Structures are given as structure tokens and as C-alpha cells.
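Chains, contacts and geometry: an overview
The lines below spell out each chain.
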Amino acid sequence: MKKLIWFTSIFILVLIFIVPAIMVLGIKIIPSDVQPPLQYTQDVYQDLYISQEFTSLLPNLTDIGMSIKNPNLKDQNDITLSLYDQNGQLVRTSKLNGLNIGDGAFVKFQFSPIIDSLNQRYSFTIMSPSSYPEDLFELFYTDDKPSWIGQMQFNGKNVVGGLSFVTFHQPVSKIGLIKSIYSDFISRFLHLHSQKSI
Amino acid sequence: MAAFFFHPDIKTFNYQASFLKQGVFNIYSYLVDNKARLPLKDNFVYFPLTYFTLGGYQAAISPILGRGFDSWLGNPDSATMVTNPNIFGYMLALKLPYLVLDILVAYMLLKFIEDRKKAQKAFLIWLFNPITIILIYVYGNIDIFPVVLTVFSLLLIKKDKLKSAVAILGLAAGFKLYPLLLVPFLALAGKNTKEKIWLVAIPFLIFGAICVPFLSGAFVQSALISGLTTGTFSPSFSVGFGESIIVGLVGMTVLFFYEMLINKKPNVLIYWIALLMIIFSFSHFHIQWLLWVAPFITIILAEDSDLTLLISSVSVMAVAIPLLYEDRFMTMGLLRTFSLYYDMLPTPFVVIQRVFDPYNLQSILHSMMAGGTLVMIYRLFKVKS
């Protein structure tokens, strides 16, 4: 029975302290923030396109993820994201096909990492010139956007709000990621004790 | 464990139970009628005693946890619900009754077994095995409530208090329906027909009395015929013309008539284990259901160490099967209290999919589990006879 007690005690300690660290090794990309709320939608088809400015909060920018409506997989055309730097130079493009976009699905536009993206300003446009009004993509946007999401434009005209998107980045190092997860976890855990007076 | 691992179900059913503090009596109708304006839209799938027990406990602890607790319960945002720094305290508070009941089960196992050494062994196996710890404190479902009552019922059977034992099973069904499945095997232990009829009637009358005040379309749809309730009898194979043979019911019937006609001096514990293990072996089960049989298996493990390898293998397979379901909160989702970055990890289902069909792997494990279970049942009946 002593063996069982030792086994279970070690098993629990490993599950709490070691497993989360090991699992971090499998994390290939991390989000810079949580996705803002999905409040409204804007159509994208033919010459209707959306532009969005943002500041990258982390280095190694590699994906831009957003939710897209495509009821019954009706739009089976390509939807393209073009990423520009603050000088308006095209730096990356990424394409998805409607066949792979379920209705309301969260999808990621992937591209090769931009290593020095930390604190840099970018903008991207989303367009789908082959789509038609009867089979179009709809992108979610919101009034409740964080400060790193900048100006949004519909067909080049400034509009209020911002796309409900999130950027993804390759971690600089796995050890750094483990440190950041544990320090955040410990700071939240210790915060518990400061709540005792409430 | 209780503080660090978070399954969202515990927040959902505690959010629903929080309405008791506001004076809501019929939670089933309330949730259906107010669905449009409530932040969480789920129905209450458990039976009334779950609502009153959890709701009553919350009424006691809410003043200690502060006003933020109720807003956390009602928070539908999947990110901020786990990044809330108070989540560890909330988890501990919500799972504290589980610890009390967990220790109570261990104490009852100690009382159930006469041999002192074996009783101590059962006590330690129950408290110090990783499977029940994970089932109770990681997944954090409410199954420990009916489980503690079924173990109490077993203790009463041993003291030959059969009517009290079935009454307790009726009470346990007020949390979750499955204890009613155990009633027929206990009823056959009655000394005469009249007693046998009473032994069947008592738990159903108690269960009926618990449910009657809530009888409505909402109650029937949410709890009585919900997938959670009917799932135990869902697997079947067609015999044509719309008819099918329900595997779990076949097993239950075979066991019942075997007990009635062949095994004249039945050991209720063996029948309960056989029934529950047949259900798990031949149906798609939820991981927390394994807790139903865990105390009974603990008794067997303490009494018959020859079965250790077989029971350990079957248990590991039984736990592994649900971990392969396409459900993030069986595995990676549980780590979200540590960091939302774990959302970026694929589930075991997706990882296995890259090299092998995960459904096929589930089927292999489930078939092996069923095979091991059948041998275990054979062995239990053989030894006891």
C-alpha cells in the first residue's frame, strides 16, 4: 500500500507541476490576445474588400486568425489576405479556399514568420474577387476592440470598430514560454491570497 | 488538483444551481422560460436533489466568496472565466464537498469489510488511487453525491436493512437516475413476494416524490429523457423492421433472471458490479460514470488481490477511452487555468488522426475493456459461488 501512496502522490505532483511544462513543448504558435467579440458582419465579394490596421504585440508574426461566415460552404472561391508594413509595402500574402471554411469557422491565414514584428504597425486587406453577392464571405467586426487593433476601412473608407481578429506568433523560445506561463500562473495564484480581505 | 484543473461543466451546473439563492424552485421551467435573457443557455440535466444540494451549499459559501463569485458563474466568456485570478479559490470552494464525500466513502468502505487488514487496504485504495482522484477533482462532476449514497445503501444491505437500503437508492436517484438500475438486484433479496414488491416500490415512490413537483415538459426534456439519462441504454443493434436489441438491457435482464432462478443466494455487490461494468463495456460512456462502480471495485480489489492486474488494466483502458473523444475538455482544455496558450495544442484525437484512425483505437480499447470485464465478471461469480 505504501507503494500506491507514493505512486499516487508523485503522479499528482507530476500532473500539476511537470505535465503543463512538458505540454508547452507541443505549442507551435501563441495568440497575442483573445479574439474580440463577434458583433456585426461585413460582406466580402467582387470589389468589396476590408482593410485593417494593427500593431503586432509580439515578434515572429506568422498567422492572422478570424471568424468567417460561409453558410452551407456556399462560397467555394478563394479569399486572400495581403499584409502590408507601415510604409505600405506588401510583405506577405495568404490564401484560403471557401471549401475549407465552415460557417462561422475560426480560420487562420498562415504565412512565413516576420521575425522583427514586435511593436511594428501593419495593415492587411481581405478580398475575394471571384465571389458573388449570392455566395459571399462575411467577416465579423466589433465596436469593442482592444487598443492594438487600429483603423478599419470598408473599400478604403474609414469606419468605426475593428475586425474581430487575433494575431499568432511563433514563440521565441520554449524555455521562455514555460517561464512566461508559470510566472503568469503563479501571479494569478498568489492573487488569491490578496482576496482574503474581501 | 481541485484548484488547478477546470472542466467548464462545474461552472455551468453551479451557475444553474445559483438560482436557488434567488428563490427559484423549479429550475427546469425557469431556465427554459428565461433562455433568451440568460448568459448561459444550457438546460439543467440533473435531477432535483442536485439542484437543491448545490444551491443550498452555494447559499452558505457565497457570502465568503464575495460578489465576484456570482458574476464569474454567469460569465459566458471562455477566456476571462479561466483568467480570473479567483478561479483557484472558486474551484476549491465548489469541490470542497467532494472531498468530504470522498472521505465518507473511504470511511464506509472501512466499515463494510470485516477483516481489519482488508478494510484498511480498501480505505487506502479508495483514497490513494489516481483514477478516482482524477474523476472527482479534475472532472469535478456531481456523481460523487449518488455514489456516496449507493455505498451507504450497500452498508445497510450488509446490516440486513433492505428497506432502508432501497430507500437510499431512491434518494440517490434524486441526483442521477442510475441507482434505480441497482434496485431489481436488491429486491430479489427480499424474503417473500410482499417484501420484494415493497423493495421495488419504495425507491420508485421516493424518486417519484422528489420529481413530482417538477413534472413539466421542461423537466422531461432536460433531465428525464436527456442524453445523459438515456445514454446508458443507447447502444443497440437492429433486428429489422425498426426493432433493435438494446445491449445494456439484455445484460441487465440476463443478470436479473440468473439471480432469480439460478443463483438463489446472490451477492448484491457482485450483481451491481456486473451490471455497471456491462453498461460501460457496451456503451459510449462519460468518464465520470466510472465513479459509479469505483467503490465496489475497491472492495473487490481489497478482498481478492489476484484480480489486481486485470482490474488495473480494465480501469486504465476505461479511463483512456474518453480521453480519446473529440472533446478538448477531456484533456488539453483542463489546462486552461494554467494558460490559454494550451488552446493551441491539438487533442489526442487530432494527434492520433495523423497516423491512425482514433475511432478505431477507441474501438480497440473498448473491445479489450469489454473482454477484460467479462472475464472479471466470470471470475467474481465463480469465486462467490
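Not measured: the values here are computed from a predicted model.

Analysis parameters
Residues numbered from 1 in each chain as written. Chains lettered and ligands numbered in written order. Predicted model: local features only at pLDDT ≥ 70, side-chain atom pairs only at ≥ 80, totals over all residues. Axes fitted to C-alpha atoms, helices over the stretch in contact; angles between N-to-C directions. Helix = DSSP H or I, 4+ residues; strand = E, 2+ residues; numbered from the N terminus. Parallel < 35°, antiparallel > 145°, perpendicular 65-115°, else oblique. Left-handed = near helix turned anticlockwise from the far one by under 90°. Contact = placed C-beta atoms within 7 Å. Nonpolar A, V, L, I, M, F, W, Y, C, P; charged D, E, K, R; others polar. Expected span 1.5 Å × (residues − 1). Buried ≥ 20, exposed ≤ 12 C-beta atoms within 10 Å, placed from the backbone. pLDDT = per-residue confidence, 0-100. Pairing = 2+ DSSP bridges.

**Concerning the packing of helix α15 (residues 247–262) of chain B against helix α16 (residues 268–281) of chain B**
Residue and element names in this part refer to chain B. At a closest axis distance of 9 Å, the pairing of α15 and α16 adopts a crossing angle of 165°. Judged on the interaxial angle alone, α16 and α15 are roughly antiparallel. Seen along the crossing, α15 lies across α16 with a hand that is right-handed. Between α15 and α16, the contacting residues are Gly248, Gly251, Met252, Leu255 and Glu259 on the first element and Tyr271, Ala274, Leu275, Ile278 and Ile279 on the second. When the residues that make up the contact of α15 with α16 are grouped by side-chain class, the tally is seven nonpolar, two polar and one charged.

**Some points on the interface of chain B and chain A**
In this assembly, 23 residues from chain B lie in contact with 24 residues from chain A. With three residues, the single largest contributor to the side of chain B that touches chain A is helix α7 (residues 116–127) of chain B. Its residues placed into classes, the side of chain B that touches chain A shows 17 nonpolar, five polar and one charged.

**A look at helix α12 (residues 193–211) of chain B**
For an α-helix, 3.6 residues make a turn, and residues three or four places apart therefore share a direction. Residues and elements named next belong to chain B. The terminal C-alpha atoms of α12, which comprises 19 residues, lie 27 Å apart, in line with the 27 Å expected from a rise of 1.5 Å per residue. Taken together, the buried positions of α12 are occupied by Leu199, Ile202, Pro203 and Phe207. Of the surrounding elements, those touching the buried residues of α12 are α10 (162–173) and α11 (179–187).

**Digging into the confidence of the model for chain A**
All names here are of chain A. Taken as a whole, chain A shows an average pLDDT of 90; of its residues, 96% reach a score of 70 or greater. Helix α2 (residues 174–194) is the least confidently modelled element of chain A, averaging 83 in pLDDT, while strand β13 (residues 165–169) averages 96, the highest of any element. Between residues 194–198, whose pLDDT stays under 50, and residues either more than four places distant or in other chains, the model counts three contacts.

**So, the sheet that holds strand β3 (residues 50–55) of chain A**
All names here are of chain A. Taken together, the six strands give an open sheet; going across it, the order is β6-β5-β8-β3-β10-β11, and neighbouring strands pair in antiparallel fashion. What marks the edges here is a single partner per strand, and that holds for β6 (90–97) and β11 (157–159). When strand polarity is set aside, the average angle formed by the axes of neighbouring strands in this sheet is 25°. One ladder, built from four bridges, connects β3 with strand β10 (residues 149–154); its direction is antiparallel.

**Focus on the pairing of strand β4 (residues 61–69) of chain A**
All names here are of chain A. In terms of strand pairing, β4 meets strand β7 (residues 105–114) through seven bridges, oriented antiparallel. Within β7, the residue paired with Met66 across the bridge is Val107. Two strands pair when backbone bridges link them, and β4 and β13 are joined in this way by five bridges, in the antiparallel orientation. The residue of β13 that forms the bridge with Ile64 is Thr167. Relative to strand β9 (residues 137–142), β4 runs antiparallel, the two being bridged by two bridges. Pairing of Lys69 across the sheet is with Glu138, part of β9.

**Regarding the environment of Leu181 of chain B**
Residues and elements named next belong to chain B. Note that Leu181 resides in helix α11. With 20 C-beta atoms packed within 10 Å, Leu181 lands in the buried category. Between the alpha carbons of Leu181 and Leu276 there is a distance of 8.9 Å; along the sequence they are 95 residues apart.

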